[in-house]
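# Structure at a glance
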Amino acid sequence: MPDKTRLERAKIRPHPGFVSHPALIGLQKGRVIVATISDSYATLEKYLAAPADDKPEVFGQLLADLRALLAEGDWTQAASIVQRAVMPGGDFTTFQSLYRIYSKLKPHIELPQKTKLALLGGFTTTQLAQAIELALFSMGGGVEIFEAEYGVYRQEILDPGSELHRFQPNIVFLATSWRDLIHRPALGQGRAEVAAVVDAELADWSILWRTAHERLGCLVVQNSFDRPVWRQMDNHEMRHPGSLWRFVSRVNEAMADGAPPYVVLHDVDSLAALAGRRTWGDERYFFHAKMPCAPEFIVDYGFSVASLLAAQLGLSKKCLVLDLDNTCWGGVIGDDGLGGIRLGQGGAEGEAFVAFQQYARALKQRGVLLAVCSKNEEHIAKEVFEKHTEMVLRLNDISCFMANWTDKAANLREIARRLNIGLNSLVFIDDNPAERALVRQLAAEVAVPELPEDPADFIQAVEPYRYFQTLSIAQEDLQRAEYYRANSQRDEALSGSANVEEYLRSLAMVARIGPVTAMSLERSAQLINKSNQFNLNTRRRSAAEVSAMAADPQWLTRTVSLTDRFGDNGLISVLLARLEGDALLIDTWLMSCRVLKRGVETLLNNNLCRWAAGRGLRRVCGEYIPTPKNDLVREHYAGLGYTRISADGTGHTRWEMPLSADWQPQPVFIEEQEFDE
Amino acid sequence: MSDVRTQAQEVFRQVFDDPAIVLRDEMTADDVPGWDSLAHINLMVATEKRFKIKFATAEISRLKEDGQNVGDYLALISKKLARTS
């Protein structure tokens, strides 16, 4: 077993003899030198350069290389290659494989920059959590992630005893989608009424943000709400006051304007728009697994969130370093001359180079430094900036201009030194695959995105990496933020709730509770066969068996359906119990995790005990049978006031609740509606 | 059919991180370590991508149900490929 290797990418050793290799000294454009790079780096270059359709196949080779590196215990090189191979827009299956490799090498590397993220999702966050972790790793950061059960973010934030509070995150991420909107306008409501609904929505979220921030001292990242893939009002969706799209847009604007400085809005609606809403929202995987978007976009989503974590860790890039020939204009200035290079009006390709320069200039305007790193005679290169009328970038846009014949890795180090920033703050853009390969290996801290051949695609190759992410853009509109904060405090009394009890009351929950009926049989059987986490016994049963129990006087069956002011949760809990002497033995007790921590289990227990006491029974008995997935309910019976009467070595425990004459139900905040058949 | 099997086998090997998996028709989720509901989604996504096909919502569920095996999975892929070609 090799020693735990500290990850210092600067120390990754190139292939022996590489630095002085003749191919490097006289490096010419277009000559690929991957043959001189150590094998797994060569495979990496091949993978990065492969067109999208061929990537999965080339990835097979890269995966084999990575497995070999892991087998040799070469964690540093494996880490370096994984960091380079992770890219936004990457294939979902490839990402899963890279994540597995990353998981294996993680214990052996040290990431000096680490943060703690609590991921509170309105949807399944498993894949997103992995994507965030892997994307952040590619940016040089590490993260410990706490994932709450999906849909319980309010309870986690409002309950001071929740796991979230024990976890003590640096960042709480409210990963919501449009389905998590608390309020919806009615179609018939006018503009003023809908504006009030928007205020109410903002006020409700404000309470969660403030509570999380005050109790945990953390940054809050809140998703904007993505608009659904359909429009109720068709063409008039943007104009009709009660339409959902317009409402979502207004809520997003209200959050953007009204969220306090400790809240960062993560604009997931723009991710959806950039990806193409219909493709983004492949709802099959929402119906199946409550995934927030089509699997193919999970990696992009992860990059977007990870870039915010990177910004918090100070890992964002600061400087865009540009090659010149065939990167900022078409052709080679030293050969083609001022009149020969392709740039600007008169040619489509020339316009594409102008567009890329405009993108670079836009970055400069928001505070990104620009530098030049080019193999050229300095005066010839500078002449283009000074004299070419179509140039968007001018010399005064460039903070550091390096045009010479030294190798680019050395030049990049010099640029970092002169600008007094870290080498890992640089993003290097070069059309030449050989230069990219060289820099990737010899200046490993520098980010080097793969660049397509067509300059029209350059921006798309760079932008999704979100290299230059910041947590906020200046100190804008503080006064307005104050106004909104005061407003939200007023609203708190009306619609808000600062503790769990109040929150549960405000939900206005109504439970329908009664035996398994012909109507509920199918759903009950489905829950019995599918629930893993909130499942005390994990006994699977067919619909026929359950039906037989429902008809048997020796068995008690119960189902619970729950509605609240946000809607109908449907049938969410099933209990099966058997009469034996003076006892009621609970055979099966399970519940859907989407209604965790609402008091449903207490309500059901009250109902059960009342039923048993009414029949003169003396005790109710339960058991917990541990599985790899049901640790959530290990202390279920303790929480309900049962006494533990036995435990065996496997963690299997038995519990009992005596039923005396003075048995009293426990308080719940759910209205109970009992039915018989 | 044999090509479908070979390619599907590669999909399985990557999704379940086991280069030694050999597909047999009678294999079920119980025979493949790690084939839980999460991995099932990964398998479906990878299969769709590899064969450039699209499973219906109900088909994604069905392939994970009891009584379904790799033979059924391969047959469904072949059926979809025949329809598109």
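An account of the accompanying structure is given in this report.

How each quantity is defined
- Residues numbered from 1 in each chain as written.
- Chains lettered and ligands numbered in written order.
- Predicted model: local features only at pLDDT ≥ 70, side-chain atom pairs only at ≥ 80, totals over all residues.
- Heavy atoms only, no water.
- Helix = DSSP H or I, 4+ residues; strand = E, 2+ residues; numbered from the N terminus.
- Rg over C-alpha atoms; globule rule 2.2 N^0.38 Å.
- Buried < 20%, exposed > 50% of the residue type's maximum accessible area, 1.4 Å probe, protein only.
- Contact = heavy atoms within 4.5 Å.
- Buried area = accessible area lost by both parts, 1.4 Å probe.
- Salt bridge = Lys/Arg side-chain N within 4 Å of Asp/Glu carboxyl O.
- Phe/Tyr/Trp six-rings, centres within 6.5 Å; stacked < 30°, edge-to-face > 60°.
- Pairing = 2+ DSSP bridges.
- Axes fitted to C-alpha atoms, helices over the stretch in contact; angles between N-to-C directions.
- Polar contact = N/O pair within 3.5 Å; in protein donor to acceptor, adjacent residues only side chain to side chain.

We now examine the overall build of chain B. Looking only at helices and strands, one finds four helices and zero strands in chain B. For chain B, the succession of helices and strands along the chain, N to C, is α-α-α-α. Expected size for 85 residues packed as a compact globule is a radius of gyration near 12 Å; at 12 Å, chain B falls within 12% of this value. Each of the three principal axes of chain B carries a C-alpha extent, and together these read 35 × 25 × 20 Å. Going through the 85 residues of chain B one by one, you find that 45% of them count as buried. A separation threshold of at least 6 residues defines the contact pool for chain B, and within that pool the share at least 24 residues apart is 57%.

The next thing to look at is unusual backbone geometry. Positive phi values are uncommon outside glycine, yet A:Arg466 reaches one of about 55 degrees. Structurally, the position occupied by A:Arg466 is in the loop between helix 20 (458-462) and helix 21 (478-495). The backbone of B:Asp17 shows a phi angle near 55 degrees, a positive value even though the residue is not glycine. Mapped onto the elements of the fold, B:Asp17 is located in the loop between helix 1 (2-15) and helix 2 (37-51). Since its relative accessible area comes to 23%, B:Asp17 is described here as partly exposed.

With 18 residues of chain B at the contact, the number on the chain A side is 22 residues. Buried area between chain B and chain A, both sides added, is near 1800 Å², and the carbon and sulfur share of it is 54%. When the buried area of chain B at its contact with chain A is split by residue, B:Gln14, B:Asp17 and B:Ile41 rank highest and sum to 32% of it. Ionic pairing is found between B:Asp17 and A:Arg67, a salt bridge with its closest N-O pair at 2.7 Å.

All names here are of chain A. Under the defined criterion, the tally for this structure stands at 42 salt bridges over all chains. Taking the shortest distance from any N to any O, the salt bridge between Arg284 and Asp282 comes out at 2.8 Å. Asp282 carries the same exposure label as Arg284, and that label is buried. Among the ionic contacts, a cluster of salt bridges with common partners joins Arg539, Arg541, Asp587, Glu623 and Arg654.

Residues and elements named next belong to chain A. Counted under the stated rule, the structure contains 27 aromatic pairs over all chains. Here Tyr99 and Tyr102 contribute two aromatic rings whose centre-to-centre distance is 5.7 Å and whose plane-to-plane angle is 50 degrees, an arrangement assigned as tilted. Remark: Tyr102 and Tyr99 occur in helix 5 (residues 92-105); sequence separation between them is three residues, near one turn of the helix. Pair check on accessibility: Tyr99 and Tyr102 agree, each one buried. Aromatic side chains Trp589 and Tyr637 sit 5.9 Å apart centroid to centroid with 75 degrees between the ring planes, which places their arrangement in the edge-to-face category. Pair noted here: Trp589 is in strand 13 (residues 583-591) and Tyr637 is in helix 26 (residues 636-639), with a separation of 48 residues, a long-range link.

Residues and elements named next belong to chain A. By secondary structure assignment, the location of Met549 is in helix 24 (residues 543-551). For the pair Met549 and Ala577, spaced 28 residues apart in the sequence, the C-alpha separation amounts to 9.2 Å. Filtering out sequence-adjacent residues up to four positions away, Met549 remains in contact with Arg541, Trp555, Thr557 and Leu576.

On to the sheet that holds strand 2 (residues 142-147) of chain A, then. All names here are of chain A. The strand order across the open sheet built from five strands is 2-1-3-4-5, with neighbouring strands paired in parallel fashion. Across the chains shown, the open sheet's two edge strands, defined by having one partner strand only, are strand 2 and strand 5 (263-266). Going from strand to strand, the sheet's axes swing by 25 degrees on average, the running direction of each strand aside. By the bridge criterion, four bridges tie strand 3 (residues 171-175) to strand 4 (residues 219-223) in an arrangement that is parallel.

A few words now on the side chain of A:Ser573. All names here are of chain A. Structurally, Ser573 can be placed in strand 12 (residues 567-580). Looking at Ser573, the relative accessible area reads 1%, which means it is buried. Reaching out from Ser573, the side chain makes a polar contact with the backbone oxygen of Leu590 at a distance of 2.8 Å.

A word on the pairing of strand 15 (residues 643-647) of chain A. All names here are of chain A. As paired strands, strand 15 and strand 16 (residues 653-658) are joined by four bridges and run antiparallel to one another. Within strand 16, the position partnered with Thr643 by the bridge is Glu656. Here strand 15 folds back onto strand 16 in antiparallel fashion, the turn holding five residues, of which Gly651 has a positive phi close to 95 degrees.

Moving on, we get to the side chain of A:Asn223. Residues and elements named next belong to chain A. Examined against the element boundaries, Asn223 turns out to sit in strand 4. Taking relative accessible area as the criterion, Asn223 reaches 0% and is therefore assigned buried. A distance of 3.0 Å separates the side chain of Asn223 from the backbone oxygen of Thr176, its partner in a polar contact. If near-sequence neighbours (up to four positions away) are discounted, Asn223 is found in contact with Phe173, Leu174, Ala175, Thr176, Met255, His266, Val268 and Tyr301.

Residues and elements named next belong to chain A. Relative to the elements of secondary structure, His636 occurs in helix 26. For the pair formed by His636 and Glu601, sequence separation is 35 residues and the distance between their alpha carbons is 8.8 Å. Setting aside chain neighbours within four positions, we find His636 in contact with Phe534, Leu536, Trp589 and Glu601.

Residue and element names in this part refer to chain A. Among the structural elements, Gln155 can be located in helix 7 (residues 153-158). Under the relative-accessibility criterion, Gln155 is labelled buried at 3%. Taking the C-alpha atoms as reference points, Gln155 and Leu596, separated by 441 residues in sequence, lie 8.7 Å from one another. What Gln155 contacts, discounting residues up to four positions off in sequence, is Ser162, Tyr503, Leu596, Lys597 and Arg598.

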